[in-house]
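Examination of the molecular architecture
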Amino acid sequence: MVNATQSQVKRKSDADLEKEFQKLANQWKYETGHLSIPAQIARHPAYQSIVDMGEQAIPLILKDLQAEPDHWFSALSGISGESPHIPDEDMGNMRAMSEVWLEWGKRNLYI
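Residues numbered from 1 in each chain as written. Predicted model: local features only at pLDDT ≥ 70, side-chain atom pairs only at ≥ 80, totals over all residues. Heavy atoms only, no water.

Turning our eyes to something else, we now look at the nonpolar core. Ranked by size, the top nonpolar core spans 28 residues in total, and within it Phe21, Ile50, Ile61, Leu65, Trp72 and Leu76 carry the most contacts. Every element with two or more residues in this core is listed here: α2 (14–32), α3 (38–42), α4 (45–52), α5 (58–67), α6 (73–80) and α7 (94–107). (Core = buried A, V, L, I, M, F, W, Y, C linked by side-chain atoms within 4.5 Å. Buried < 20%, exposed > 50% of the residue type's maximum accessible area, 1.4 Å probe, protein only. Helix = DSSP H or I, 4+ residues; strand = E, 2+ residues; numbered from the N terminus.)

In structure tokens, the structure reads:
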């Protein structure tokens, strides 16, 4: 039996979730565009709000990565609990690192 708290919790519609994601992602990108330290970029409140969305944010993050490589790796790893292998020679190469995560997304049916 589902308790009252669980039955009262409403899951956001896909459209509402995507709208909220885009708003937060745009804010995060605008306010961190001048930064170069990944840990500092990932501490931004909008980024953390996206991480707090949990697993339902993964397809949205991967869609964003498909459009343009960005510092989503910490969020993906934090949400999924996974960290696909990135070859040493690709560390720091946003495009190559994005491709590794996009392949992970395909294997795990997020894309």
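From this point, the narrative continues.
Here the focus is the side chain of aspartate 70. Position of aspartate 70 relative to the elements: it lies in the loop between α5 and α6. Sequence-distant contacts of aspartate 70, defined by excluding residues within four places in its chain, comprise Trp28, Lys29, Leu65, Met94 and Ser98. (Contact = heavy atoms within 4.5 Å.)

What follows deals with unusual backbone geometry. Residues other than glycine seldom take positive phi values, yet leucine 109 does so here, at roughly 60°. Mapped onto the secondary structure, leucine 109 falls in the segment after α7.

Moving on, we come to the pattern of salt bridges. Once the charged atoms of two side chains with opposite charge are near each other, the side chains can pair. Scanning all chains against the criterion turns up 4 salt bridges. Between glutamate 18 and lysine 63 there is a salt bridge, and its shortest N-O distance comes to 3.0 Å. Taken together, the positions of glutamate 18 in helix α2 and lysine 63 in helix α5 put the pair 45 residues apart, joining distant regions of the chain. For lysine 63, a relative accessible area of 46% corresponds to the partly exposed category. Put simply, aspartate 70 and lysine 29 hold a salt bridge, and the shortest N to O gap is 3.9 Å. In this pair, aspartate 70 is assigned in the loop between α5 and α6 and lysine 29 in helix α2, connecting sequence segments 41 residues apart. On the basis of relative accessible area, aspartate 70 is assigned to the buried category, the value being 14%. Put simply, Lys29, Asp64 and Asp70 are held in one network by salt bridges that share partners. (Salt bridge = Lys/Arg side-chain N within 4 Å of Asp/Glu carboxyl O.)

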